[in-house]
Amino acid sequence: MSIVNARDIMMEAAKGNYAVGAFNITDLVQMEAVVEAAVEKRAPVIIQTSVKPSKFLGRQVLVAVYRTLAEAAPIPVCLHLDHCTEIDYCKKCADAGYTNIMIDASKQVYEENIRQTKEVVDYCHSVGNISVEGELGTVGGVEDQIKVAEDEAALANPDQAIEFVERTGVDIFAPAIGTAHGVYKTKNPKIDFERLGQINQMLNGGGIKTPLVVHGGTGLPEDYIKRLLEMGGAKFNVSTELKHTLIDTTYAYISERRDEYDPGKIDAAVKDAIRGVVGHWIDMLQSAGKA
Ligand SMILES: [Zn+2]
């Protein structure tokens with residue numbers, strides 16, 4: 001059985017000191033590419049959709065294709081809803097068959113974040129074997145990266161993080177540590193590695209309970225990734241790099257063959273390119289051969 005939630009594969013990852021790659025897709029070609037790359041590498045994998053593509057493609061369509069691909073794959077595959085701020089849509093995706101849901105109430109005040117996150121946790125656990133990711137602090141866009149990284153208050157407070165996890169019952173947890181969405185503008189983004197390590201020690205020091213998620217994977221230097229792995233990162237989200245790969249590959253293909261009208265060949269070029277990117281990430285996260 002290859003249909004799994006995120007918690008189960010991340011528990012294994014956290015114990016084995018590697019991380020599961022979580023790749024955002026916006027269409028079905030990319031979804032196939034992610035699964036193919038993970039099969040090639042024998043790695044557990046998480047397919048993610050943010051809310052916009054989920055609504056555009058349709059959650060039932062995405063779940064149907066996910067189940068078809070996952071059931072045929074000899075590796076565990078999870079389908080995750082990324083950064084959803086609407087409780088109602090979280091529940092709809094849980095009903096449809098997503099196996100991990102991220103309720104992102106991190107922009108709310110602390111107590112309201114707890115309330116909303118717990119509501120989604122309670123719902124998903126009642127529906128079935130669906131795990132839930134919560135976030136504390138600010139994972140901003142790159143425009144704010146340095147500002148966020150230097151603002152103590154925007155990062156996850158370790159004591160609050162422990163309380164947040166206990167009171168909400170989240171299965172996996174994303175503490176803000178200074179990583180950002182988009183492409184880092186500096187070669188040396190400011191990341192609070194020690195904060196991740198401290199939260200991991202407090203949560204999982206006595207045995208893995210709540211594996212940790214690192215957002216904003218795109219553009220992180222490889223030595224940073226290694227350090228984040230050592231500090232307890234068990235899921236890395238990669239989104240922007242796949243989007244750039246899709247658009248750049250499509251643009252290059254069409255530019256070179258302006259008179260060819262064969263969409264299948266463009267899809268094949270995109271799939272190859274995405275497969276390469278995902279495979280490289282799986283290697284960096286040391287999850288190859290773990291499935
Ligand atoms: Zn994110």
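Scroll up for the structure.
Here we summarise the structure given alongside this text. Keep in mind that this is a model prediction, so the values were computed, not measured.

Turning our eyes to something else, we now look at the packing of aromatic side chains. All chains considered together, the criterion is met by two aromatic pairs. Between phenylalanine 164 and phenylalanine 173, the aromatic rings sit 5.6 Å apart at their centres with planes inclined by 40°, giving tilted as the arrangement. By relative accessible area, which is 0% here, phenylalanine 173 ends up buried. The interplanar angle of 75° and the centroid separation of 5.3 Å between the aromatic rings of phenylalanine 193 and tyrosine 224 together place this pair among those described as edge-to-face. One end of the pair, phenylalanine 193, is in helix α9 (residues 193-204); the other, tyrosine 224, is in helix α10 (residues 222-230), and 31 residues separate them in sequence. Accessibility expressed as a relative area gives 12% for tyrosine 224, which makes it buried. Between the NZ or CZ atom of lysine 55 and the centre of the ring of tyrosine 89, over which it lies, the distance is 4.9 Å. Its guanidinium or amino end placed over the ring of tyrosine 253, arginine 257 lies 4.0 Å from that ring's centre, counting from NZ or CZ.

Residues Ile101 and Phe236 are the most contacted members of the largest nonpolar core, which totals 80 residues. At eight residues, helix α12 (residues 263-284) tops the list of elements feeding residues into this core. If sequence neighbours within four positions are ignored, isoleucine 101 has contacts with His80, Leu81, Cys90, Cys93, Ala94, Val120, Cys124, Ile130, Ser131, Val132 and Glu133. Formed by 15 residues, the second largest nonpolar core is a distinct cluster that contains Val4, Met10, Tyr18 and Ile172.

Once that is clear, we can look at α10. Within the sequence span of α10, burial applies to Tyr224, Ile225, Leu228 and Leu229. Relative to the axis of α10, the buried residues are bounded by an arc of 140° and lie together on one face. Set apart from the buried face of α10 by more than 90 degrees, the exposed residues are Asp223 and Glu230. Contacts made by the buried residues of α10 are with α9, β7 (212-214), β8 (233-238) and α12. Phi turns positive one or two residues past the end of α10, at glycine 232, with a value near 115°.

Attention now goes to the coordination of the zinc ion. Those protein atoms acting as donors to the zinc ion are His83 (NE2), His181 (NE2) and His215 (ND1), and they sit at 2.0 to 2.1 Å. Of note, the donors binding the zinc ion are all from one chain and are spaced H-x97-H-x33-H. One end of the pair, histidine 83, is in strand β3 (residues 77-84); the other, histidine 215, is in the loop between β7 and α10, and 132 residues separate them in sequence.

Each value, and the rule that gives it
Residues numbered from 1 in each chain as written. Predicted model: local features only at pLDDT ≥ 70, side-chain atom pairs only at ≥ 80, totals over all residues. Heavy atoms only, no water. Phe/Tyr/Trp six-rings, centres within 6.5 Å; stacked < 30°, edge-to-face > 60°. Buried < 20%, exposed > 50% of the residue type's maximum accessible area, 1.4 Å probe, protein only. Helix = DSSP H or I, 4+ residues; strand = E, 2+ residues; numbered from the N terminus. Lys NZ or Arg CZ within 6 Å of the ring centre and 35° of its normal. Core = buried A, V, L, I, M, F, W, Y, C linked by side-chain atoms within 4.5 Å. Contact = heavy atoms within 4.5 Å. Arc of directions from axis to C-beta. Donors = N, O, S within 2.8 Å, 3.2 Å for Na, K, Ca; no water.

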